[in-house]
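# Commentary on secondary and tertiary structure
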Amino acid sequence: MDYTDTDIECVNDLESKSLSKEQQISDVVVRVMGSWKFIITQTVLLGIWSILNIIAYFEHWDPYPFILLNLILSLQSAYAAPIIMMSQNRQAARDRVEAHNDYLVNLKSEKELRIILERLDIQNKMIQEMYDELLAKEQAKVVK
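Residues numbered from 1 in each chain as written. Predicted model: local features only at pLDDT ≥ 70, side-chain atom pairs only at ≥ 80, totals over all residues. Heavy atoms only, no water.

### What to know about the confidence of the model for the protein chain
Here the protein chain shows a mean pLDDT of 87. Residues at 70 or above account for 89%. Of all secondary-structure elements in the protein chain, the lowest mean pLDDT belongs to helix α1 (residues 11-18), at 70, while helix α4 (residues 67-143) reaches the highest, 93. (pLDDT = per-residue confidence, 0-100. Helix = DSSP H or I, 4+ residues; strand = E, 2+ residues; numbered from the N terminus.)

### Structural notes on a nonpolar patch on the surface
Side chains of Trp36, Ile39, Ile40, Val44, Leu45 and Ile48 sit close together on the surface and give an oily, nonpolar patch of about 620 Å² of accessible area. Of note, tryptophan 36 is situated in helix α3 (residues 36-55). (Patch = residues over 30% accessible without salt bridge, like charges linked within 9 Å, V, L, I, M, F, W, Y side chains within 5 Å. Areas by Shrake-Rupley, 256 points an atom, 1.4 Å probe, with all protein chains shown as cover. Salt bridge = Lys/Arg side-chain N within 4 Å of Asp/Glu carboxyl O.)

### A look at the pattern of salt bridges
Applying the stated criterion across every chain yields a total of 4 salt bridges. A salt bridge links arginine 90 to aspartate 27; the nearest nitrogen and oxygen atoms lie 2.2 Å apart. Of this pair, arginine 90 sits in helix α4 while aspartate 27 sits in helix α2 (residues 21-33), placing them 63 residues apart in sequence. By relative accessible area, which is 14% here, arginine 90 ends up buried. (Buried < 20%, exposed > 50% of the residue type's maximum accessible area, 1.4 Å probe, protein only.)

This is the structure:
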């Protein structure tokens, strides 16, 4: 397979050119939801929700077993899962481009290594010829 340096594409450049608004939004959502800040914030909010409904400081708007809270969390999961999948699918496509670029770089490296090895082989043959000539001259001097 013949190729040129232009076949190797910068994945970051390709990605920044081709991202739609929806893809950018899904990346932001995944970045936020996959952070410790989100997990800690959600844990604190769930704890406050539960405590306020258990001790009834305010009116019980969601008495135990917290059906409204379960509904809210189910809705969050229902929307989060497809958004996360969109981001993962895009990342998989990016990984395929990176793998292809790695393959092209490996091909180029192999080609350059073959050229270097051929030159080293030629140099070894020339050195061996020079050594043989020197050895022959040395033996001729010894015979005289």
